[in-house]
Amino acid sequence: MISGLEVKFAGGAPVLSNGHVIEGYASLFGLADQGGDIVVRGAYAASLARLAARGDKVRMLWQHDPAQPIGIWEEIREDGRALWVRGRLLPEVAQAREAAALIAAGAIDGLSIGYRTLRAERDREGRRVLTEVERWEVSLGTFPMLREAKVGRKSEELGAGEELAEALRAASALVSHPRSSSHGAAGGRGPVRRSGPAAP
């Protein structure tokens, strides 16, 4: 994890094609995630402009690990719905090949972003509304904070087996990270904010 970044699982319905090409939405506008945050239209525009001016690119990482780049995002833009991304996994990288296999098998099915909030405000319900975000990377993620953040597969809906698998993964996360250790624990991650899944 890059120090000081917030992590948000959110997006549309990315599609894996040709074994290595990924495209879809990495963040949806106007929809509260399970952490209570809402990204508004235009929140990424300034960050995209700065990246273009520098000739730089957003990184494609494996589970937000800066030591594990797995591909290249070749196009990132805002449209009327959200932040759209298109890129490719690099078959020369072992972890990228594993990621493609896991996506195809349904084991890894989401995108998530690593970012810093530059401007935000609270709405009447107390939710944080992000109006300007500096995006650093887009990763393949395990637990999307929005149900829409799914990598597209041949079937449109999850079958019963996959629903059970998701429930088992969620239970495993609760065992590994009990609620009692998530508030005020010493030796925490400092400025890094990680929003965990909430009950529907």
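Higher on the page you've got the structure.
Residues numbered from 1 in each chain as written. Predicted model: local features only at pLDDT ≥ 70, side-chain atom pairs only at ≥ 80, totals over all residues. Heavy atoms only, no water.

1. Observations concerning the pattern of salt bridges
Using the following cut-off: In what follows, salt bridge is the name for a side-chain nitrogen of Lys or Arg lying within 4 Å of a carboxyl oxygen of Asp or Glu. Think of it this way: any DSSP run of H or I at least four residues long counts as a helix, any run of E at least two long counts as a strand, and we number them from the N terminus. Each residue is placed in one exposure class: buried if its accessible area under a 1.4 Å probe, protein chains only, is under 20% of its type's maximum, exposed if it is over 50%, and partly exposed if it falls in between.
This model, assessed by the stated rule, comprises 11 salt bridges. In this structure, Arg86 engages Glu23 in a salt bridge whose closest nitrogen and oxygen atoms are separated by 3.5 Å. Note that Arg86 is positioned in strand S7 (residues 82–89) and Glu23 in strand S3 (residues 21–28), a separation of 63 residues in sequence. Relative accessible area serves as the criterion here: at 28%, Glu23 is assigned to the partly exposed category. Here Arg127 makes a salt bridge to Asp123, at a shortest N to O gap of 2.8 Å. In this structure Arg127 comes out as partly exposed when scored by relative accessible area, which is 27%. Through salt bridges with shared partners, a single network forms among Glu23, Glu74, Arg86 and Arg88.

2. Quick notes on the environment of Leu130
Structurally, the position occupied by Leu130 is in strand S9 (residues 128–141). In the structure, Leu130 is positioned 101 residues away from Phe29 in sequence and 9.8 Å away in space, judged by C-alpha atoms.

3. Digging into unusual backbone geometry
Positive phi, normally seen in glycine, also occurs at Gln63, with a value near 50°. Looking at the element boundaries, Gln63 is found in the loop between strand S5 (59–62) and strand S6 (65–78). Positive phi, normally seen in glycine, also occurs at His64, with a value near 65°. Tracing the sequence through the fold places His64 in the loop between S5 and S6.

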